Amino acid sequence: MRRPTRRLSLIGGAASGSGDADARPGKLLVAVGRHGVDAFDRLPDDLVLAVLAGLAARAACPADLAAAALTCRRFRELAAHPAVLSRASAAAVAVRAARWSEAAHRFLRRCAAAGNLHACYFLGMVRFYCLGARTAGAALLARAAAGGHAAALYALAVVQFNGSGGGKADKDPRAGVALCARAAWLGHVPALRELGHCLQDGYGARRDAAAGRCLLLHATARELLSRRHCRRRGDCAEDDGDAASRFMVEWWPLAGKAASAGLAPSGDGDDMDLRLCSHARCGRRETRRHEFRRCSACGFASYCSRACQAVDWKRAHRGQCAAAAAAGARWLAARDMH
């Protein structure tokens, strides 16, 4: 019969066992001959990498992975391994706009270089819309889309519909519908809604009102089911929009304050005229003037997509549109009188 390995436990400096062991308070020591060795140092690298990769895949926020990396020097080194960064969850790479820094940017770049699709999508959206790096952002979005990331597919579809980063001649509705169809097949609710409206309007595809209505019903059903699951988990406050949209919504007010304080360039006059999508949880901003479509009734609300327009109509704009249209009519009448 195999003789069990003798272990030595030191808690608070009180030792049980041989007095020759290295007595470090609060550490769990494994006796090997006449010397004590830290239990973490005894673990092989592949086992520690597997544990850290599992933690990264289940992380609820970037702080979870950062806390593990701060445990010891060895964990800090292994936490930056591509095998760990490639497994990071969408929540683990969801940096908040108020905490954006060069360190956060470097962390996202490392995750994207490791092949993490969530990081490619998140950093691609930040670069394309917030940092103005259109080419680099589009390349990251394309990389995530090629890996089957549904949100990245839909983001590229919006770019194609609007010709974002280029001119009006760069609009490609057919390419946008194709990207939307692939994202919708993966179950992405905004893509389902956008594709339904495109089929109803005959935009970028042959008009099929019945198929469009079916897709819209399917999108509504999936949205209701998702909200029910969120309520059961108790996180219903986070059921609207993804992390990239939340980042952009938080980014623009912070960028405006920084520009007013002289901490960031304020941009030229054309940048000041660029509009945000009127859907409060979208966060996209025009890359050129008059890029987004406007509400045909009031002319004040602007939307990056039909999906955002449909959602905002249900949640807010239905009650605002008539009042805005009446105010616009009064302003036109007063201008004509003068």
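For every chain, the first residue of its written sequence is number 1, and the numbers climb from 1 along that sequence. Reporting of local features is limited, given that this is a predicted model, to residues whose pLDDT is at least 70; pairs of side-chain atoms are given and counted only at 80 or more, and all residues count toward the totals for whole chains, interfaces and linings. Side-chain descriptors were evaluated using all non-hydrogen atoms of the structure, hydrogens and water having been removed beforehand.

Undergrad: I keep staring at helix α3 (residues 62-69) and nothing clicks. Help me out?
TA: One turn of the α-helix equals 3.6 residues, which is why residues spaced by three or four share an orientation. Of the positions making up α3, those classed as buried are L65, A68 and A69. Buried residues of α3, seen end-on, are gathered within an arc of 105 degrees and therefore sit on one face of the element. Note on definitions: a residue-residue contact is assigned when non-hydrogen atoms from the two residues lie within 4.5 Å. Counting from the N terminus, the helices are DSSP H or I runs at least four residues long and the strands are E runs at least two residues long. Contact partners of the buried residues in α3: α2 (45-58), α4 (73-79), α5 (82-85) and α6 (102-113). Accessible area is worked out with a 1.4 Å probe on protein chains only. A residue is then buried under 20% of its type maximum, exposed over 50%, and partly exposed in between. Directions from the helix axis toward the C-beta atoms define the arc.

Undergrad: How do you make sense of unusual backbone geometry when you look at a structure like this?
TA: Peptide bonds are trans in most cases, and residues, glycine excluded, mostly fall at negative phi. One non-glycine residue, H290, lies in positive phi territory at about 60 degrees. Here H290 lies in the loop between α14 (269-272) and β5 (293-294). A residue is classified by how much of its surface remains accessible, and H290, at 48% relative accessible area, is partly exposed.

Undergrad: When you look at the packing of α6 against helix α7 (residues 117-130) in this model, what are you seeing that I'm missing?
TA: Two numbers describe a pair of packed helices, the interaxial angle and the distance between the axes. Viewed as axis vectors pointing N to C, α6 and α7 meet at an angle of 130 degrees, and their least axial separation amounts to 8 Å. As the angle between them shows, α6 and α7 are arranged oblique. Note on packing geometry: the crossing formed by α6 with α7 is left-handed. Residues H105, L108, R109, C111 and A112 of α6 lie in contact with α7, whose contacting residues are A119, C120, F122, L123 and R127. Only Asp, Glu, Lys and Arg are considered charged in this grouping, and only Ala, Val, Leu, Ile, Met, Phe, Trp, Tyr, Cys and Pro are considered nonpolar; every other residue, Gly among them, is considered polar. Taken together, the residues that form the contact of α6 with α7 break down as 7 nonpolar, 1 polar and 2 charged. Between the N-to-C directions of two axes lies an angle of 0 to 180 degrees, each axis being a line fitted to C-alpha atoms and, for a helix, fitted only over the stretch in contact. We call two directions roughly parallel when the angle between them is under 35 degrees, roughly antiparallel when it is over 145, roughly perpendicular when it lies between 65 and 115, and oblique otherwise. Crossings are classed by handedness, with left-handed meaning an anticlockwise turn of the near helix from the far one by less than a right angle and right-handed meaning a clockwise turn.

Undergrad: I'm lost on the environment of R288 in this one. Help?
TA: Of note, R288 is situated in the loop between α14 and β5. As for R288 and G167, which are separated by 121 residues in sequence, their C-alpha atoms are 7.7 Å apart. In this structure, R288 is in contact with N162, G163, S164, G166, G167, K168, K171 and L274, ignoring residues within four places of it in sequence.

Undergrad: Could you clarify how one ought to interpret the packing of aromatic side chains in this entry?
TA: Centre-to-centre distance and the angle between the planes together describe a pair of aromatic rings. A pair of Phe, Tyr and Trp rings is counted when the ring centres sit within 6.5 Å of each other, with Trp represented by its six-membered ring. The angle between the planes then sorts it: under 30 degrees is stacked, over 60 is edge-to-face, the rest tilted. Here the structure, examined in full by the defined rule, presents 5 aromatic pairs. Between W100 and F247 the ring centres are 5.5 Å apart and the planes differ by 70 degrees, which places this aromatic pair in the edge-to-face class. Of this pair, W100 sits in the loop between α5 and α6 while F247 sits in helix α13 (residues 243-260), and the two are 147 residues apart along the sequence. One aromatic cluster is present, built from ring pairs that chain together W100, F122, F247 and W251. Cation placement over rings: the criterion is NZ of Lys or CZ of Arg within 6 Å of the ring centroid and within 35° of the ring normal. Just above the ring of F128 sits the side chain of R134; from NZ or CZ to the centre is 5.6 Å. It is R306 that lies over the ring of Y203; its NZ or CZ is 4.1 Å from the centre.

Undergrad: I tried to follow the side chain of D312 on my own but got confused; where do I start?
TA: Here D312 is to be found in helix α15 (residues 306-337). Residues scored as charged are limited to Lys and Arg (positive) and Asp and Glu (negative), so that His and the chain ends carry no count. What makes a salt bridge here is a side-chain nitrogen of Lys or Arg within 4 Å of a carboxyl oxygen of Asp or Glu, nothing more. Put simply, D312 is tucked away with no salt bridge, and the nearest opposite charge, on R315, sits 7.6 Å away. For D312, the residues in contact, after removing those within four places along its chain, are S278, H279, A280, Y303, H317 and R318.

Undergrad: Which parts of the structure should I look at to understand the pattern of salt bridges?
TA: Pairs can form between side chains of opposite charge once their charged atoms are near each other. In this structure the tally under the stated criterion is 9 salt bridges. E250 serves as the salt-bridge partner of R96, at 2.4 Å between the closest nitrogen and oxygen. Of the two residues, R96 sits in the loop between α5 and α6 while E250 sits in helix α13, which places them 154 residues apart along the sequence. A residue is classified by how much of its surface remains accessible, and R96, at 35% relative accessible area, is partly exposed. Judged by its relative accessible area of 23%, E250 falls in the partly exposed class. The network of salt bridges with shared partners includes R193, E223, R227 and R315.

Undergrad: What is the right way to read the side chain of S164 from this model?
TA: Within the secondary structure layout, S164 lies in the loop between α9 (150-162) and α10 (173-185). The residues touching S164, leaving out its near neighbours within four places in the chain, are F128, Y129, V158, V159, T287, R288 and E291.

Undergrad: Explain α7 to me, please; I cannot follow it from the model alone.
TA: To estimate the expected span of a helix, subtract one from its residue number and multiply by 1.5 Å. Compared with an ideal rise of 1.5 Å per residue, which puts 14 residues at 20 Å, α7 spans 19 Å between its outermost C-alpha atoms and is within 8% of the ideal. If you check which residues of α7 are buried, you get A119, C120, Y121, F122, L123, G124, M125, V126, R127, F128, Y129 and C130. A 3.5 Å cut-off defines polar contacts: any pair of N or O atoms within that distance qualifies, except that in protein one atom must be a possible hydrogen donor and the other a possible acceptor, and neighbouring residues in sequence count only when both atoms are side-chain atoms. For α7, the capping residue at the N-terminal end is N116, with a side-chain oxygen 2.9 Å from the backbone nitrogen of H118. Taken from the residues just after α7, G132 is the one with a positive phi, measuring 75 degrees.

Undergrad: Can you walk me through the confidence of the model for the protein chain in this structure?
TA: For residues with low pLDDT, the predicted coordinates do not support detailed interpretation. Per-residue confidence from the predictor is given as pLDDT, running between 0 and 100. Mean pLDDT over the protein chain works out to 82, with 77% of the residues at or above the 70 mark. A low-confidence stretch, residues 1-34 stays under pLDDT 50, and its non-local contacts, those more than four residues away or across chains, total 44 contacts. Here residues 236-240 is a poorly scored stretch, pLDDT under 50, and it has 8 contacts once near neighbours within four places are set aside; other chains count.

Undergrad: Honestly, the state of the cysteines in this entry has me stumped. Any pointers?
TA: Here is the idea: a disulfide is a covalent bond, and it sits between the sulfur atoms of two cysteines. Counting rule for disulfides: a pair of cysteine sulfur atoms within 2.5 Å. One pass over the full model with this rule turns up 0 disulfides. C111 carries a free sulfur, and the closest cysteine sulfur to it, the one in C120, is 9.4 Å from it. For C111, a relative accessible area of 0% puts it in the buried group. Between C180, a free cysteine, and C198, which holds the nearest cysteine sulfur, the sulfur-to-sulfur gap is 6.0 Å.

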